[in-house]
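Per-entry structural report
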Amino acid sequence: MRIWGKLLGFLFGFMLTKNIFGALLGLWLGHRFDKGVGLNFESFSVNEQDEMTRQAAFFYTSFSVMGHIAKAKGRVTEHEIAFATAYMNKLGLKGELRQQAQEAFREGKVAGFPLKERLQKFKQSCRARNDLMLMFLEIQIQVAFADGSLDPAEREVLHKIAGHLGFSAQDLDRLLEMIIAGESFQRHQQQQSRGGQHSRQTSAKSLLKDAYKVLGVSESASKQEVKKAYKKLMSQHHPDKLVAKGLPAEMMELAKQKTQDIQAAYDLINRHL
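The notes below deal with the structure included here. (Residues numbered from 1 in each chain as written. Predicted model: local features only at pLDDT ≥ 70, side-chain atom pairs only at ≥ 80, totals over all residues. Heavy atoms only, no water.)

Here we come to the nonpolar core. Judged by nonpolar contacts, the single largest core of 52 residues is most densely connected at Phe-58, Phe-63, Leu-158, Ile-161 and Leu-247. Here the element with the most residues in this core is helix α7 (residues 130-144); it accounts for 10 residues. For this core, the domains that each give at least three residues are domain 2 (46-166) and domain 3 (177-271). Excluding residues that lie within four positions of it along the chain, Leu-247 makes contacts with Gln-55, Phe-58, Leu-132, Met-135, Leu-242, Met-252 and Ala-255. (Core = buried A, V, L, I, M, F, W, Y, C linked by side-chain atoms within 4.5 Å. Buried < 20%, exposed > 50% of the residue type's maximum accessible area, 1.4 Å probe, protein only. Helix = DSSP H or I, 4+ residues; strand = E, 2+ residues; numbered from the N terminus. Domains from an automatic or database assignment. Contact = heavy atoms within 4.5 Å.)

Below, the structure is given as structure tokens:
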């Protein structure tokens, strides 16, 4: 079992940053080296190491900020813990990666969690890759909306997160509407597939309404406007592109699900135009 990469990564990360955030980023990088090539560090190019650093920052920051959002209402309930566990299961996180995600989540729950500092470091690691930060923000919105509603305290934290990443309040509100519509779109698809004639007709109307919101366009949008919005969203959420820019491979499934929803919404609207 290869452990030297993890051990050295943890130690160097802690020595360079003097905090657990840097140490765990080092641990992540060490894990990736152990998994891939053992101690053959020289086989990685500068670009590959830079990509892995961004992936480590994305992974750790995602789960620590999740913990911070979960704590926003004052205390973390069993529902938030169950959601975080389900999220890790959805990503297939096991062993060391799961332990790292859990440690990050716990750090985010601690009083005085340095949200601004963490997000500034994350933004620097993204190097102006706006679509990568957009994906990060979408994940945090999904976490906040996990129980089907958005508490004022959670909304306030989301606005802080968006602001630190360079998104405006209007950007966040628009994104919130699209994410919530995406959840509703999936639910109405399920209802339509198993409901009776009346239920299917009702779901069809709701489904089409949600589809426009998923693409971020009005129901009066022209075919050209719909197509333009579709192409932009597909480009922003392309799984391979996001992984190349810094999305951890373990989180690729989230981008795939998003593109599937975008595609389904676009196809539905096209059938009614």
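With respect to the helices, strands and loops of the structure, Thr-259 is situated in helix α13 (residues 252-272). Residue contacts for Thr-259: discarding those within four places in its chain leaves Met-234, His-237, His-238 and Pro-239.

Next up on the list: the layout of surface pockets. The space that makes up the largest pocket amounts to roughly 550 Å³. Every residue lining the largest pocket is counted, 23 residues in all, and those nearest its centre are Lys-90, Gln-142, Gly-182, Glu-183 and Gln-186. Counting only elements with at least two residues in the lining of the largest pocket, the list comes to α4 (78-90), α7, α9 (169-194) and α13. Ranked by residues supplied to the lining of the largest pocket, first place goes to α9 with 9 residues. Residues of the lining of the largest pocket, tallied by class, amount to 11 nonpolar, 6 polar and 6 charged. The residue makeup of the lining of the largest pocket includes at least three contributed by each of domain 2 (46-166) and domain 3 (177-271). (1 Å grid on protein atoms, 1.4 Å probe; cavity = no way out; pocket = protein on both sides within 12 Å on 5 of 7 lines; lining within 4 Å. Points joined across faces, edges and corners; volume = space filled by probe spheres on them. Nonpolar A, V, L, I, M, F, W, Y, C, P; charged D, E, K, R; others polar.)

This brings us to empty space enclosed by the protein. On inspection of all chains with the given rule, the structure shows 1 cavity of 30 Å³ or more. In this structure, the largest cavity encloses a volume near 70 Å³. Around the largest cavity, the lining residues are Met-66, Ala-70, His-79, Glu-80, Phe-83, Ala-84, Phe-105, Val-143, Ala-144, Ala-146, Asp-147 and Glu-154. Of all the elements in the fold, those that place two or more residues in the lining of the largest cavity are α3 (46-70), α4 and α7. Among the elements that make up the lining of the largest cavity, the one with the highest residue count is α4 (4 residues). Here the residues of the lining of the largest cavity are counted per class, giving 8 nonpolar, 1 polar and 3 charged.

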